[in-house]
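Single-letter residue listing:
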Amino acid sequence: MKLFTKDIIEQLTAQYAKGGSLKAQNVICKIFNPYGAGTWYCINMDPEDEDYIWCIASLFEVEVGSVLRSEIERMKVPPFNLPLERDLHFKQINAEQAYQRLLAGEQL
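The paragraphs below set out a description of the structure included in this document. (Residues numbered from 1 in each chain as written. Predicted model: local features only at pLDDT ≥ 70, side-chain atom pairs only at ≥ 80, totals over all residues. Heavy atoms only, no water.)

1. Describing helix 1 (residues 6-15)
- Here helix 1 has its buried residues at I8, I9, L12, T13 and Q15. Seen from one end, helix 1 has its buried residues packed into an arc of 160°, which puts them on one side. Exposed and oriented more than 90 degrees from the buried face of helix 1 are K6 and A14.
- Elements that come into contact with the buried residues of helix 1 comprise strand 1 (26-27), strand 2 (29-32), strand 3 (39-46), strand 4 (49-58), helix 2 (69-74) and strand 8 (85-86). (Buried < 20%, exposed > 50% of the residue type's maximum accessible area, 1.4 Å probe, protein only. Helix = DSSP H or I, 4+ residues; strand = E, 2+ residues; numbered from the N terminus. Arc of directions from axis to C-beta. Contact = heavy atoms within 4.5 Å.)

Take a look at the structure:
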């Protein structure tokens, strides 16, 4: 499965100019580890460096920061060395609302 389609990349780069404001942006896609902990809610991508993605990460705690696209795409989950997946049924949500819901322990 392709984690970042052309359409997703276009939506992520379009939000880059909005900076770090969660209120002004939506979560575009959800990348997750189907075999354990780890979910990345992708918000924006630098159009000059498409390896840089700003996201809300939920691993052992919820935090906002950057991640490298190349790391997400090549990550393999033990013990079977399987890749991460993209939630094909994820509906975009305001990033601030997503962050608050995740902090409250809700699933998106």
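2. Observations regarding the sheet that holds strand 4
- What the five strands build is an open sheet, ordered 5-4-3-2-8; its pairing is antiparallel. Two strands in the sheet have a free side with no partner beyond their single neighbour: strand 5 (62-68) and strand 8.
- Of the strand pairs in this sheet, strand 4 and strand 5 are connected by seven bridges, and their pairing is antiparallel. The partner of C55 across the bridge, within strand 5, is G65.
- Together, strand 2, strand 3, strand 4 and strand 8 form the strand contacts of helix 1, whose direction differs from that of strand 3 by roughly 65°. (Pairing = 2+ DSSP bridges. Axes fitted to C-alpha atoms, helices over the stretch in contact; angles between N-to-C directions.)

3. Some details on the pairing of strand 4
- Taken together, the seven bridges between strand 3 and strand 4 define a ladder with antiparallel strand orientation. Of the residues in strand 4, the one forming a bridge with Y41 is I56.
- In sequence, strand 3 turns back onto strand 4 through a hairpin of two residues.
- Connecting strand 4 to the antiparallel partner strand 5 that follows it, the hairpin turn spans three residues.

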